[in-house]
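Spelled out, the chains give:
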Amino acid sequence: MQKGGSDSDGREFKSAEEMWREQVGEDQSKKTEWYREGVGYWEGVEASTDGVLGGFGHVSDADVRDSEAFLNGLLSELLPNAANSQRHLVALDCGSGIGRVTKNLLIRYFNEVDLLEPVSHFLETARESLAPENQMVSDMHKATNFFCVPLQEFTPEAGRYDIIWVQWCIGHLTDDDFVSFFTRAKVGLKPGGLFVLKENIARNGFVLDKEDRSITRSDLYFKELFRQCGLHLYKIKDQKGWPQELFAVKIYALTTELPKKVHRTRSKVQANRPAIIK
Ligand code: SAH
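Residues numbered from 1 in each chain as written. Predicted model: local features only at pLDDT ≥ 70, side-chain atom pairs only at ≥ 80, totals over all residues. Heavy atoms only, no water.

## Comments concerning the UniProt feature "binding site: S-adenosyl-L-methionine" (unreviewed entry) in the protein
The UniProt record marks Gly95, Arg100, Leu151, Gln152 and Gln167 with the feature "binding site: S-adenosyl-L-methionine" (unreviewed entry), using the residue numbering of this structure. Within the annotated group just given, the residues that line the largest pocket are Gly95, Arg100, Leu151, Gln152 and Gln167. Within the secondary structure, Arg100 is located in helix H6 (residues 100-109). If near-sequence neighbours (up to four positions away) are discounted, Arg100 is found in contact with Thr49, Val52, Leu53, Ser60, Asp63, Val64, Gln167 and Trp168. In this fold, Gln152 is placed in the loop between strand E5 (142-147) and strand E6 (161-167). Discounting chain neighbours no more than four positions away, the residues touching Gln152 are Tyr35, Leu173, Asp177 and Arg184. (UniProt positions renumbered as here; feature names shortened; annotations may be inferred. 1 Å grid on protein atoms, 1.4 Å probe; cavity = no way out; pocket = protein on both sides within 12 Å on 5 of 7 lines; lining within 4 Å. Helix = DSSP H or I, 4+ residues; strand = E, 2+ residues; numbered from the N terminus. Contact = heavy atoms within 4.5 Å.)

Structure representation (structure tokens):
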């Protein structure tokens, strides 16, 4: 990415390359440090909705509402059998934190949800609140696996997921690990499955957060990375009703194959509409 950016102290970078060179460099030890500090930041955060949303727990309802509308659209368009429950649906909630997205949304639509979260006290809170005795789950809708690993070290089981949901955690990954994660994770999707990425969006370039070791990317930056991953944008939506002081948020649905367009042959088109007899 040629575009410049800044950090949380207002310092400017000429390009993302310059920022990454400084933050993670070429040698593995600096990169390990980047990830250790990222997870270290979250290890010090309370396992609550307010905690995982950086003190903005009250936006959770609006977030879930727009995500639900987006998910409904996807399920009816792409997985039409889902609506009449002919298909056993499985989702992966990446960077799940305390399981907020699973509890409020995914578990109601998917028969199984797996959670991935590198911070163990978050994952344990998710496990407790999704336990059968807490009545969040039934035989038909349950949280199955709890993976305590970071995204950059994870490869999903082949062909398991209808949707891999990635919300508010991809900013922790460097560009290289972003591209290699999505490229690897494609094998985890069922045919016709897709990725949903919900993220904060920078107005231009990127903003580096030095406190939690993450970056907020612009829409253009994301699209360039999707291209590098070989992913196609199926659908995109802006989060509505969002506080002014927060970054704007977008939801992307990404497919591994080019979305199919309905191509009609000329003769069919002619045959199916009124026409003048010549
Ligand atoms: N997606 C959840 C949590 C958001 S908070 C929600 O919307 O409620 C950000 C989460 O990203 C934290 O739980 C944090 O531990 C996780 N995270 C940090 N680094 C990560 C990494 N390298 N891989 C995956 N998740 C990471």
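Anyway, onward from the coordinates.
## Brief notes about the sheet that holds strand E9 (residues 214-217)
Strand-to-strand pairing in sheets goes through backbone hydrogen bonds, with the strands running parallel or antiparallel. Within the open sheet, the four strands sit side by side as E2-E1-E8-E9. Their pairing is mixed. Here the strands that pair on one side only, and so sit at the sheet edges, are strand E2 (12-13) and E9. Two strands pair when backbone bridges link them, and strand E1 (residues 5-7) and E2 are joined in this way by two bridges, in the antiparallel orientation. Pairing of Ser6 across the sheet is with Glu12, part of E2. Across the sheet, helix H9 (residues 219-229) lies against strand E8 (206-209) and E9, angled at about 100 degrees from E9, the strand it touches most. (Pairing = 2+ DSSP bridges. Axes fitted to C-alpha atoms, helices over the stretch in contact; angles between N-to-C directions.)

## Observations regarding the pairing of E6
Counting buried positions along E6 gives seven out of seven residues, so the element sits mostly inside the fold. When strand E3 (residues 90-94) meets E6, the two strands line up parallel, connected through four bridges. Note that in E6 the partner of Cys94 across the bridge is Val166. In terms of strand pairing, E6 meets strand E7 (residues 189-201) through six bridges, oriented parallel. In the sheet register, Ile163 faces E7, and the bridge partner there is Leu194. Following the backbone out of E6, through helix H8 (residues 175-185) and into the adjacent parallel E7, one traces a crossover that is right-handed. (Buried < 20%, exposed > 50% of the residue type's maximum accessible area, 1.4 Å probe, protein only. Right-handed = clockwise from strand over helix to strand, strands pointing away.)

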